[in-house]
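Architecture and fold: a report
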Amino acid sequence: MTARYHIRQAAEKDLEVISAMQATLFPAKKERVPVDTKKTKWWYCVYDRDLPAGFLCLEICSSTVAYVSRVGILPGARGNNLMVRLLRAAELYLKKRTDTVILFSDTLPDNPASMNSFIKSGWKTSDLPSRLSLQRKPPVVYWRKEL
Ligand SMILES: CC(C)(COP(=O)(O)OP(=O)(O)OC[C@H]1O[C@@H](n2cnc3c(N)ncnc32)[C@H](O)[C@@H]1OP(=O)(O)O)[C@@H](O)C(=O)NCCC(=O)NCCS
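In this numbering scheme, every chain counts its residues from 1 along its sequence in written order. Totals for whole chains, interfaces and linings use every residue, but because this is a predicted model, local features are given only for residues with pLDDT of at least 70 and side-chain atom pairs only at 80 or more, for both listing and counting.

Focus: the overall build of the protein
- Scanning the protein for helices and strands turns up three helices and seven strands.
- Each helix is a run of H or I in the DSSP string that is no shorter than four residues. Each strand is a run of E no shorter than two, and both are numbered from the N terminus. Mapped in sequence order, the helices and strands of the protein form the string β-α-β-β-β-α-β-α-β-β.
- Expressed as lengths along the three principal axes of its C-alpha atoms, the size of the protein is roughly 45 × 35 × 35 Å.
- In the protein, which comprises 147 residues, the share counted as buried stands at 26%.
- Throughout, a residue-residue contact means that the two C-beta atoms, derived from backbone geometry, are no farther apart than 7 Å. Nonlocal contacts in the protein, meaning residues at least 24 apart in sequence, comprise 59% of its contacts between residues at least 6 apart. Remark: C-beta atoms are placed from the backbone, and a residue is labelled buried if 20 or more other C-beta atoms sit within 10 Å of its own, exposed if 12 or fewer do, or partly exposed between those counts.

Next up, the structure:
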């Protein structure tokens, strides 16, 4: 039996697909095409066989710090542990290929699916170090994980 879900770091051909998912899940956000000329944002995507199912955006803050700035799973694919799997893929990549030692992220407090995914992935709630520029407007819960 072939695996149903496939996760990979996004290639050029995935960017339009991620843009479409972002537009569906975060219509208020202005950013439509996730092209990052500075190479400070890394995108991961998950497919349900050939169909797009979700994505994760990792922002590289420094040589040792990264931030999971956005995760989205399309409604039809939810309930399959996919945020956990995306986090695991991003963490594994950072651990193997970079000097990153700490990851941060955030959720709104009324988002149990997101918060439970962080908890299941071994993240802890956190203060955000003031030197990080990715501060969000309250109310927000910050998360951290040491790799
Ligand atoms: C957050 C999001 C990515 C999670 O998707 P997912 O990986 O499919 O998550 P699941 O639906 O499997 O839920 C994760 C866990 O939370 C639990 N959960 C989900 N909704 C819940 C609720 N309303 N109350 C309590 N627990 C809940 C699930 O049971 C699951 O735990 P389990 O595996 O032990 O059963 C998805 O809901 C999403 O894309 N939401 C819109 C965008 C968003 O909010 N992104 C995050 C902030 S940027």
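Notes on the pairing of strand β3 (residues 51-60)
- Bridge analysis of strand β2 (residues 41-48) against β3 gives eight bridges, and the strand direction is antiparallel. Looking at the pairing, Val46 lines up with Gly54 of β3.
- Adjacent in sequence and paired antiparallel, β2 and β3 are bridged by two residues, among which Arg49 carries a positive phi angle near 55°.
- Any two strands between which DSSP finds at least two bridges are classified as paired. In terms of strand pairing, β3 meets strand β4 (residues 65-73) through seven bridges, oriented antiparallel.

Section: the site of the ligand
- Here, nearness means that the C-beta atom of a residue, built from backbone geometry, sits within 6 Å of the molecule or strand in question. The local shell around the ligand holds 18 residues, among which Arg78, Met83, Pro112, Ala113 and Asn116 are the closest.
- For the shell around the ligand, the elements supplying multiple residues, two or more each, are β4, α2 (82-97) and α3 (112-120).
- If one sorts the elements of the shell around the ligand by residue count, α3 sits on top with five residues.
- The residue makeup of the shell around the ligand, split by class, is seven nonpolar, nine polar and two charged. Each residue is assigned to one class: nonpolar for Ala, Val, Leu, Ile, Met, Phe, Trp, Tyr, Cys and Pro, charged for Asp, Glu, Lys and Arg, and polar for all the others, Gly among them.

Re the environment of Glu59
- Inspection of the secondary structure puts Glu59 in strand β3.
- In this structure the C-alpha to C-alpha distance between Glu59 and Phe104, which are 45 residues apart in sequence, comes to 9.7 Å.

What about the environment of Met21?
- Among the secondary structure elements, Met21 is positioned in helix α1 (residues 15-25).
- What makes Met21 buried here is the crowd of 21 C-beta atoms within 10 Å.
- Measuring from C-alpha to C-alpha, the distance between Met21 and Leu86 comes to 15 Å, with 65 residues separating the pair along the chain.
- Excluding residues that lie within four positions of it along the chain, Met21 makes contacts with Pro52, Gly54, Phe55, Gly72 and Leu74.

Description of the sheet that holds β2
- Pairing in this open sheet of seven strands is mixed, and the strands run β1-β2-β3-β4-β5-β7-β6 from one edge to the other. Strands at the two margins of the open sheet, each flanked by one partner only, are β1 (5-9) and β6 (124-126). Across this sheet, the average inter-strand angle for adjacent strands is 30°, counted without regard to direction.
- Here six bridges tie strand β5 (residues 102-107) to strand β7 (residues 141-146), and the two strands are oriented antiparallel to one another. If you follow Leu103 over to β7, its bridge partner there is Lys145.
- Across the face of the sheet, α1 comes into contact with β2, β3 and β4 while running at roughly 90° to β3.
- Whenever a helix is involved, its axis is fitted only over the stretch in contact; in every case the axis is a line through C-alpha atoms, and angles between N-to-C directions fall within 0 to 180 degrees. Contacting β1, β2, β3, β4 and β5, α2 crosses the sheet at an angle of about 155° to β4.

Side note on the nonpolar core
- Tyr44, Phe55, Leu56, Val68, Leu86 and Ala90 are the most contacted members of the largest nonpolar core, which totals 28 residues.
- For this core, the secondary structure elements donating two or more residues are α1, β2, β3, β4, α2, β5 and β7.
- Aside from chain neighbours lying at most four places away, what touches Tyr44 is Ile7, Arg8, Gln9, Ala10, Phe55, Leu56, Leu86, Ala89 and Ala90. Each nonpolar core comprises buried Ala, Val, Leu, Ile, Met, Phe, Trp, Tyr and Cys residues, the members being joined through C-beta atoms within 7 Å.

Honestly, it's all geometry; don't read function into it.
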